[in-house]
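Residue-level structure breakdown
Residue strings, one per chain:
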Protein chains: 2
Amino acid sequence: MTRSAQRRRVTIVDVARHAQVSTTAVSKVLRNAYGTSPAMRERVHQAIAELGYRPSAAARALRGQTYTLGVMVPDIANPFFPEVLAGVTEQLRDTDYQVLLAPGCAGEQAEAKTIESMIDRSMDGIILIAPVSPRAHLEHVAGIVPTVVVGRHARGTIFDTVADDDTAGAALVVDHLVGLGHRRIAHIAHPETEPSCIEEMPNMIRAEGYRQAMRRHGLAGEIDIVSTRYTREGGYRGARQLLARPVRPTAVFAGADIAAMGALDAIAEAGLSVPGDISVAGYDNTPFAAFSQVSLTSVDQAGAQIGADAARLLLARIGDRARRSSQVKLSPTLVTRATTAAPSS
Amino acid sequence: MTRSAQRRRVTIVDVARHAQVSTTAVSKVLRNAYGTSPAMRERVHQAIAELGYRPSAAARALRGQTYTLGVMVPDIANPFFPEVLAGVTEQLRDTDYQVLLAPGCAGEQAEAKTIESMIDRSMDGIILIAPVSPRAHLEHVAGIVPTVVVGRHARGTIFDTVADDDTAGAALVVDHLVGLGHRRIAHIAHPETEPSCIEEMPNMIRAEGYRQAMRRHGLAGEIDIVSTRYTREGGYRGARQLLARPVRPTAVFAGADIAAMGALDAIAEAGLSVPGDISVAGYDNTPFAAFSQVSLTSVDQAGAQIGADAARLLLARIGDRARRSSQVKLSPTLVTRATTAAPSS
DNA sequence: AGGATCGTGGGTAACGTTGCCCAAATGTTT
DNA sequence: AAACATTTGGGCAACGTTACCCACGATCCT
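Throughout this description, residue numbers start from 1 for each chain and increase along the sequence as written. Whichever chain is written first is A, and whichever ligand is written first is 1; the rest continue in order. Reporting in this predicted model follows two pLDDT cut-offs: at least 70 for local features of residues, and 80 or more for side-chain atom pairs to be given and counted; totals over whole chains, interfaces and linings ignore these cut-offs and use all residues.

Considerations on the overall build of chain A
The way it works is that DSSP assigns letters per residue, a run of H or I at least four long becomes a helix, a run of E at least two long becomes a strand, and they are numbered from the N terminus. The helix and strand tally for chain A stands at 12 helices and 12 strands. Structurally, chain A occupies a C-alpha span of about 85 × 45 × 35 Å along its principal axes. The exposure scheme places C-beta atoms from the backbone and then counts, for each residue, the other C-beta atoms within 10 Å of its own, assigning buried at 20 or more, exposed at 12 or fewer, and partly exposed in between. Put simply, chain A has 345 residues, and 51% of those count as buried. The long-range share in chain A, meaning contacts at least 24 apart out of those at least 6 apart in sequence, stands at 69%. A pair of residues counts as a contact when their C-beta atoms, built from backbone coordinates, are within 7 Å of each other.

Re the relation of the copies chain A and chain B
Only residues with pLDDT of at least 70 in both copies contribute their C-alpha atoms to the least-squares superposition of the copies. Between the two copies, chain A and chain B, the superposition gives an RMSD of 0.1 Å; the rotation angle is 180° and the shift along the axis is 0.0 Å. Here the two chains are linked by the operation of a two-fold rotation axis. Taken together, the interface assignments show that 100% of the residues at the interface of chain A recur at the interface of chain B, consistent with an identical surface on both copies.

Remarks on the sheet that holds strand S9 (residues 279–284) of chain A
All names here are of chain A. Think of it this way: DSSP has to see at least two bridges between two strands before they count as a pair. The 6 strands are arranged S7-S6-S8-S9-S10-S12 in an open sheet whose pairing can be described as mixed. Of all strands in the sheet, those bounded by a partner on one side alone are strand S7 (224–227) and strand S12 (333–335). This sheet shows a mean twist of 20° between the axes of neighbouring strands, independent of strand direction. Bridge count between strand S8 (residues 251–254) and S9: 3 bridges; the pairing is parallel. Looking at S9, one finds that Phe 253 is bridged to Ala 281. Only the stretch in contact is used when a helix axis is fitted, and all axes are lines through C-alpha atoms; the angle between N-to-C directions ranges over 0 to 180 degrees.

Some thoughts on the packing of helix H2 (residues 23–30) of chain B against helix H3 (residues 38–51) of chain B
Describing two packed helices takes the angle between their axes plus the distance from one axis to the other. Residue and element names in this part refer to chain B. The interhelical angle for the contact between H2 and H3, taken along N-to-C directions, is 90°, at an axis separation of 10 Å. Relative to H3, the element H2 is oriented roughly perpendicular. Listed contacts from H3 to Ala 25, Val 26 and Val 29 of H2 are Met 40, Arg 41, Val 44 and His 45. Grouping the amino acids of the contact of H2 with H3 by side-chain chemistry returns 5 nonpolar, 1 polar and 1 charged. For classification purposes, angles smaller than 35 degrees are called roughly parallel, those larger than 145 roughly antiparallel, those between 65 and 115 roughly perpendicular, and all remaining angles oblique. Under this grouping Gly is polar, as are all residues other than the nonpolar Ala, Val, Leu, Ile, Met, Phe, Trp, Tyr, Cys and Pro and the charged Asp, Glu, Lys and Arg.

Thoughts on the interface of chain A and chain B
In this assembly, 44 residues from chain A lie in contact with 44 residues from chain B. Looking at the side of chain A that touches chain B, the elements that each hand over two or more residues are helix H4 (57–63), helix H5 (80–92), strand S2 (98–102), helix H6 (108–120), helix H7 (135–144) and helix H11 (257–269) of chain A. Taken together, the residues of the side of chain A that touches chain B sort by class into 24 nonpolar, 13 polar and 7 charged.

Some points on the protein's contact with DNA strand D
Near DNA strand D lie 28 residues; those nearest to it are Ile 12 and Ala 59 of chain A together with Ser 22, Ala 25 and Ser 37 of chain B. Listed by contribution, the elements that provide at least two residues to the surface near DNA strand D are helix H1 (12–19), helix H2 (23–30) and H4 of chain A together with H2, H3 and helix H4 (57–63) of chain B. Taken together, the residues that form the surface near DNA strand D break down as 11 nonpolar, 11 polar and 6 charged. Residues are classed as near a molecule or strand if the C-beta position derived from their backbone is within 6 Å of it.

A look at the protein's contact with DNA strand C
Taken together, 29 residues surround DNA strand C, and among them Ser 22, Ala 25 and Ser 37 of chain A together with Ile 12 and Ala 59 of chain B come closest. For the surface near DNA strand C, the residue count by class is 12 nonpolar, 11 polar and 6 charged.

What about the sheet that holds strand S10 (residues 297–300) of chain B?
Residues and elements named next belong to chain B. Strand order in the open sheet formed by 6 strands is S7-S6-S8-S9-S10-S12, and the pairing between neighbours is mixed. Each having just a single partner strand, strand S7 (224–227) and strand S12 (333–335) make up the two edges of the open sheet. Recorded for the sheet is a direction-independent mean angle of 20° between the axes of neighbouring strands. Helix-sheet contacts for helix H9 (residues 202–216) involve strand S6 (185–189), S7, strand S8 (251–254) and strand S9 (279–284), and the interaxial angle to S6 is about 165°.

Let's talk about the domain arrangement of chain A
In many analyses, interface size is given as the accessible surface area lost on bringing the parts together. As assigned here, chain A comprises domain 1 (3–55), domain 2 (68–164 + 303–330) and domain 3 (166–300). Centre-to-centre separation of domain 1 of chain A and domain 2 of chain A, based on C-alpha positions: 34 Å. Where a domain begins and ends is set by an automatic assignment or by a domain database.

A word on the pairing of strand S1 (residues 68–72) of chain B
With respect to burial, S1 of chain B is a largely interior element, 5 of its 5 residues being buried. Burial along S1 of chain B is two-sided: the residues Thr 68, Gly 70 and Met 72 of chain B and Leu 69 and Val 71 of chain B are all buried.

Here's the deal with unusual backbone geometry
Here the bond from Val 274 of chain A into Pro 275 of chain A is cis, since omega is 5°, no more than 30 degrees from zero. Considering the arrangement of structural elements, one finds Pro 275 of chain A in the loop between H11 and S9. We note that Ser 295 of chain A has phi near 50°; this positive angle belongs to a residue other than glycine. Within the fold, Ser 295 of chain A resides in the loop between S9 and strand S10 (297–300). Overall, the presence of 19 C-beta atoms within 10 Å leaves Ser 295 of chain A in the partly exposed class. Positive phi, normally seen in glycine, also occurs at Asn 32 of chain B, with a value near 35°.

As for helix H8 (residues 166–180) of chain A
Residue and element names in this part refer to chain A. Each helix should span, by expectation, one fewer than its residue count multiplied by 1.5 Å. Helix length check: H8, at 15 residues, gives a terminal C-alpha distance of 21 Å against a target of 21 Å (1.5 Å per residue), a fit within 8%. Residues of H8 that are buried: Asp 166, Gly 169, Ala 170, Ala 171, Leu 172, Val 173, Val 174, His 176 and Leu 177. Gly 181 occupies a position one or two residues after H8 and carries a positive phi of about 110°.

Quick look at the nonpolar core
Nonpolar side chains in soluble globular proteins tend to end up buried together. To form a nonpolar core, buried Ala, Val, Leu, Ile, Met, Phe, Trp, Tyr and Cys residues must be joined through C-beta atoms within 7 Å. Val 252 and Ala 263 of chain A together with Val 252 and Ala 263 of chain B are the most contacted members of the largest nonpolar core, which has 86 residues in total. Apart from residues lying up to four places away in sequence, Ala 263 of chain A is in contact with Ile 188, Gly 235, Tyr 236, Gly 238, Ala 239, Val 252, Ala 254 and Val 280 of chain A. Membership of the second largest hydrophobic core comes to 82 residues, among which are Phe 81 and Ala 163 of chain A together with Leu 69 and Val 145 of chain B.

Thoughts on the environment of Ser 22 of chain A
All names here are of chain A. As for its placement among the helices and strands, Ser 22 is situated in the loop between H1 and H2. On the neighbour-count criterion, Ser 22 (13 C-beta atoms within 10 Å) is partly exposed. Linking Ser 22 and Ile 12, residues 10 residues apart in sequence, is a C-alpha distance of 9.2 Å.

Examining H2 of chain B
All names here are of chain B. Here H2 has its buried residues at Ala 25, Val 26 and Val 29. The buried side chains of H2 occupy one side of the element, clustering within an arc of 100° when seen end-on. Residues of H2 that are buried make contact with helix H1 (12–19) and H3. Of the residues one or two after H2, Asn 32 is the one with positive phi, at around 35°. The directions from the helix axis to the C-beta atoms are what the arc is built from.

Topic: the environment of Met 214 of chain A
Residues and elements named next belong to chain A. Summarising the element assignment, Met 214 is placed in helix H9 (residues 202–216). Residues Met 214 and Arg 183 lie 31 residues apart in sequence; the distance between their C-alpha atoms is 8.8 Å. The contacts of Met 214, once residues within four sequence positions are left out, are Val 174, Ile 185, Leu 219, Ala 220, Glu 222 and Ile 223.

A closer look at the packing of helix H10 (residues 232–243) of chain A against H11 of chain A
Residues and elements named next belong to chain A. Interaxial distance between H10 and H11 falls to 6 Å at its minimum, and their mutual angle equals 45°. Viewed along their axes, H10 and H11 adopt a mutual orientation that is oblique. Regarding H10 and H11, the two cross each other, and that crossing is right-handed. Where H10 approaches H11, its residues Arg 232, Glu 233, Gly 234, Gly 235, Tyr 236, Gly 238, Ala 239, Arg 240 and Leu 243 are matched on the opposing element by Ile 258, Ala 259, Ala 260, Met 261, Gly 262, Ala 263, Asp 265, Ala 266 and Ile 267. Should the near helix be turned counterclockwise from the far one by less than a right angle, the crossing is left-handed, whereas a clockwise turn marks it as right-handed.

What follows is the structure, encoded as structure tokens:
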């Protein structure tokens, strides 16, 4: 077995010789294709087991499938994404597909490079989580490889989408805070540089949903948005700006939990208490929002469900590339915790 | 450009025809191999640019390299691993290599399957973070593909390792707590089922380091270990057990921050205060330990540095597979925060 | 009984790239 | 001027797998 280190890998030819059949026959058995008798299948399977054969993904890729699906995640440090990923892998557990993650895609250019590299590796399908590329580029990519886009409110002609109803999510937060008696409710947003994406990005829609909800409550005059980033650092900077206002907001709605955490840092640093001096709400309901020391009010968008749906759609599209594109839209729910309460003043 | 959807991908043959040279010539230019004149290089590069050619990783894989490196992470929800990963990608930023992550490897069997799939995809090298496979299996894998193992205290004959000095790390925590006046210091550990790994796994070494340090302080009688898991759930269960002791410990040293978070949950649930009633320390110094609402005393093991070293070693091994194996051992430091203080009683 | 149909298995040619070899042209030495 | 080294470029055969075809024997229908 483990003799003399390096040995040429066992190939389909070896299996064929060992089972005394043709390579074609082995290939057919491997793919459960038509034209194999039970007896032959048995022999081939035995030979495979005895030799410890494993198909070369490289060779397969050159001919057709790779049985590999790629998932692009924009920021692996954001604890929301592991949840989505868990949904994806769970959904694919009993398939032949292997999921590979392409990390670190900050910005449109890096993202394009990452997507290219997944295409170069001829993955059978890709899931793009919260991509920042213009829609035309997404369409282009989807023309090359089956694609599911998570978190973009766009109707792709050839790609499927899974997204949360961010307008409703933002409204949930504002309604909740207004219900508690807040009026000066500020929002920490994530800006969008690419003009063609503005209406599609969740961050922009959350901001717009916030505006709408504020107006609906007759609080148009209180609308106050700081645009930083959906990162811990961004939340920190955003909160610092808000705390420096002549009249401080009584509540902060951060567009993402990770930004809310930064905001909580800034508030603690300023010597203020939550929710005594200021209420804070986030978005994503990440595991850390549920954490006892944090107990952050947040919007739950069922990350695992999103991931599972994305995987399901991707398999469907791989099965039929001409399939009509579908858009799954999930409804968020509000999870009320300890960081929001009635304003003191 | 974006005409009529699907088109056959541009290959090296198309480039060769367009540049009026042979495919061999194009291949040489692509790999900056010997035997190309500046004039030819220029022409080929121009043709590549005009046609938008990208090499097929699949075809390359069949011949040799894939320019792909695989990283296996055991638990993507643990915020320590993104840091290691950041170190890896940063180190590889200016190389031709693409990093792909293989997620979700709970348990030895799933891990083996994941590693196999990376080998099947003929990755040029792999980094295994905190693998649980027996050493013999790691050696076997390393015989097939260049491998760097992170977090195992094993001297591989053909794989390199990067690890933190976990004995020292555990001692830092115990020394700190003893210095504050604690005596009843308990430890939450992660068990090891595979006997051949017991001496190599960081979790076991942290536990042993804890024991040694306790004995050194004359506290052998106070040694108290609960063995659950390095997860939030594991920390929670571990702390529940400890809080049910007839005589409660005054301090808990969790072997990982993620477990410490679970412990904090359990302590909060029991209506106890930290550090008033009980001190808590973790390990890894994840971003969430630094978070204001948590402010967890923790051992910093420089995740990014670990990742960068692993990537560096991997490149070196890919360059020379016969290279002597090297072991990098990093020294941890203690970051003292608000969850540890002198015991009240 | 003769022809059509079916089930079973194999032969072959790609897929796109690169390593090895060789040929021609050019430059350098005796 | 002849022999030799060097540069520059190309031909060819793999790498391991699968899609497409075809051949053979057995079974079925009229």
